Amino acid sequence: MFKDWNGNQIDEKILDWAQFCLYESYSLARLQSENEDPNLGEFIYNNYIRLMKEKLDPNFFEKSENLNLINSIYQWNFKWECMYNGCASMFEMSLNNFSKYQKLEGCQIIEFKKGYQSLFDTLIEKHKEKCSQRINLNYELRNILVCQKLLNFKLDGCRHCEYSHNENKIVLLFSNETAVICDRVVCTMSLGYLKENIDDLFVPNLIICEEKKKSVKRMGFGTVNKIILIYDKPFWDKNLEDIYSIWPTESTEKMYESLKHDNFDLESRWSEDICTICPTLYQKNALIAWIAGNHYHERLTNEQVKVECTKILKKFLGRDDIPQPVDIKRSNWNSNKFFKGSYSYYAYGTSSNDIQRIAEPIKIKNKTLIHFAGEATHESFYSTVHGAYLTGIREANRIISETNKSS
């Protein structure tokens, strides 16, 4: 359900043509050659306007309010794509690498009744004894230590040797000074965490080649958050569809300023980046607001977020009788120091093999010491749970294969 800022339904004919032209523009984006790499946002907009002018009466664009409506629809789509791709802005996305992402066949939305926690609860219950013996929680990793004897040169002081005299072992040093000695390490931390800590996490840092560091820094890692609004009872019709809010644009220039957050007061306008508010599958008294593009709301109180979300609902549903939610639950992925965002994407200026470089294990003297897994290490399913899952299997198989060869 597409609503404008006065709570009115968007003209279906214009909306249908806009969605068709946007779909065609994204199809063109997936066909781009390696010879040119403008950012994705500008490419989509330029083709969208070109196609719209081909489909609609030329006189339609003579009225500024009509062009502003077309721009407003693009502006909404831009925010939707930021949410879908996990980026802060489509102007930060690589056009050349846009086609690398692949959709998994089948249903694209799977909603657990009690969230992903229920999946872990089931696995833990099934393997209770092994989990209690092997999984230790609330240990914050500080460093991964490799012995300098494995290197072709020696630096002053080997921190690894303070904890182990076996040069073939790896030492995991935790913030509580606990040290764990192991044969291999599989790193599954988020790309956001890796971006912030890659220079300090691995000791000596020289074991991380410069090309891997550059790939980590080039790849994008954005923030997508969910704000779950909980009510005593639903105020909406049981057939309510997703609410897509189409904000006004005064001109193309103003639209670009808004999307780039130039001359944009985040304190008063952060909620304009909410691209949809939708009912949930199992919680009949809850709505979910999806937001990408900024994470200003993470610093606000629950009460402030409640008030702002209620304003949005009143504006775009054209109703004054909408109550405030009795409670909210929300993610704060950017401010969580262990994540620093949600998931990865090919940023503007990335190389086509950056993900492959990030995924490459660290070997010293033909011995694999450190493996990398997680969604940011899958070349076509990055940014997904199934991508993360498959990379875990990939590295487990690599370890089994290498162990069998050496035994």
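Throughout what follows, the structure given in this document is the object of discussion. (Residues numbered from 1 in each chain as written. Predicted model: local features only at pLDDT ≥ 70, side-chain atom pairs only at ≥ 80, totals over all residues. Heavy atoms only, no water.)

Let us look at the overall build of the protein. Summing up its helical and strand segments, the protein has twelve helices and 15 strands in all. For the C-alpha atoms alone, the extent of the protein along its principal axes is close to 75 × 55 × 40 Å. A separation of at least 24 residues holds for 69% of the contacts in the protein among residues at least 6 apart in sequence. If you sum the accessible surface of the protein, you get close to 22100 Å²; carbon and sulfur atoms cover 49% of it. (Helix = DSSP H or I, 4+ residues; strand = E, 2+ residues; numbered from the N terminus. Contact = heavy atoms within 4.5 Å. Areas by Shrake-Rupley, 256 points an atom, 1.4 Å probe, with all protein chains shown as cover.)

Attention shifts here to the pattern of salt bridges. Opposite charge on two side chains allows them to pair when their charged atoms are near. Under the counting rule described, the total for this entry stands at 20 salt bridges. Across the salt bridge formed by Asp354 and Arg357, the nearest N and O atoms sit 3.3 Å from each other. Taken as a pair, Asp354 and Arg357 lie in helix H11 (residues 354-359) at a separation of three residues, close to a single helical turn. When sorted by exposure, Asp354 lands in the same class as Arg357, which is buried. In the salt-bridge network here, residues are joined through shared partners; they are Glu211, Lys214, Arg218, Asp354 and Arg357. (Salt bridge = Lys/Arg side-chain N within 4 Å of Asp/Glu carboxyl O. Buried < 20%, exposed > 50% of the residue type's maximum accessible area, 1.4 Å probe, protein only.)

The strand order E5-E15-E14 describes an open sheet built from three strands, whose pairing is mixed. This sheet does not close on itself; its edge strands, each paired only once, are strand E5 (185-187) and strand E14 (362-364). For this sheet, the mean inter-axis angle between neighbouring strands, taken without regard to orientation, is 20°. Helix H12 (residues 385-406) contacts E5, E14 and strand E15 (367-372) of the sheet and is inclined by roughly 170° relative to E15. (Pairing = 2+ DSSP bridges. Axes fitted to C-alpha atoms, helices over the stretch in contact; angles between N-to-C directions.)

Moving on, we get to the packing of helix H1 (residues 12-29) against helix H3 (residues 64-85). Contact geometry of H1 with H3 gives a least axis separation of 11 Å together with a crossing angle of 50°. Classed by the angle they form, the pair H1 and H3 counts as oblique. Note on packing geometry: the crossing formed by H1 with H3 is right-handed. On the side of H1, the interface is formed by Ile14, Leu15, Ala18, Leu22 and Tyr26, while H3 contributes Leu69, Ile70, Ile73, Tyr74, Asn77 and Glu81. Residues of the contact of H1 with H3, tallied by class, amount to nine nonpolar, one polar and one charged. (Parallel < 35°, antiparallel > 145°, perpendicular 65-115°, else oblique. Left-handed = near helix turned anticlockwise from the far one by under 90°. Nonpolar A, V, L, I, M, F, W, Y, C, P; charged D, E, K, R; others polar.)

Moving on to the environment of Glu177. Relative to the helices and strands, Glu177 is located in the loop between strand E3 (170-174) and strand E4 (179-182). Separated by 38 residues in the primary sequence, Glu177 and Tyr139 have C-alpha atoms spaced 9.9 Å apart.

For the rest of this paragraph, the subject is the sheet that holds strand E10 (residues 274-279). Read from one edge to the other, the open sheet built from four strands follows the order E10-E11-E8-E12, with strand pairing classed as antiparallel. Two strands bound the open sheet, and with one partner strand each, they are E10 and strand E12 (327-330). Within this sheet the neighbouring strands show an average axis-to-axis angle of 20°, counted without direction. Of the strand pairs in this sheet, strand E8 (residues 224-230) and strand E11 (residues 286-292) are connected by seven bridges, and their pairing is antiparallel. Residue Asn225 lies in a different strand from E11, and its bridge partner there is Ile291. Of the strands in this sheet, E8, E10, E11 and E12 touch helix H10 (residues 302-317), which is tilted by about 100° from E12.

Everything listed here is a matter of geometry and, on its own, says nothing about what the molecule does.
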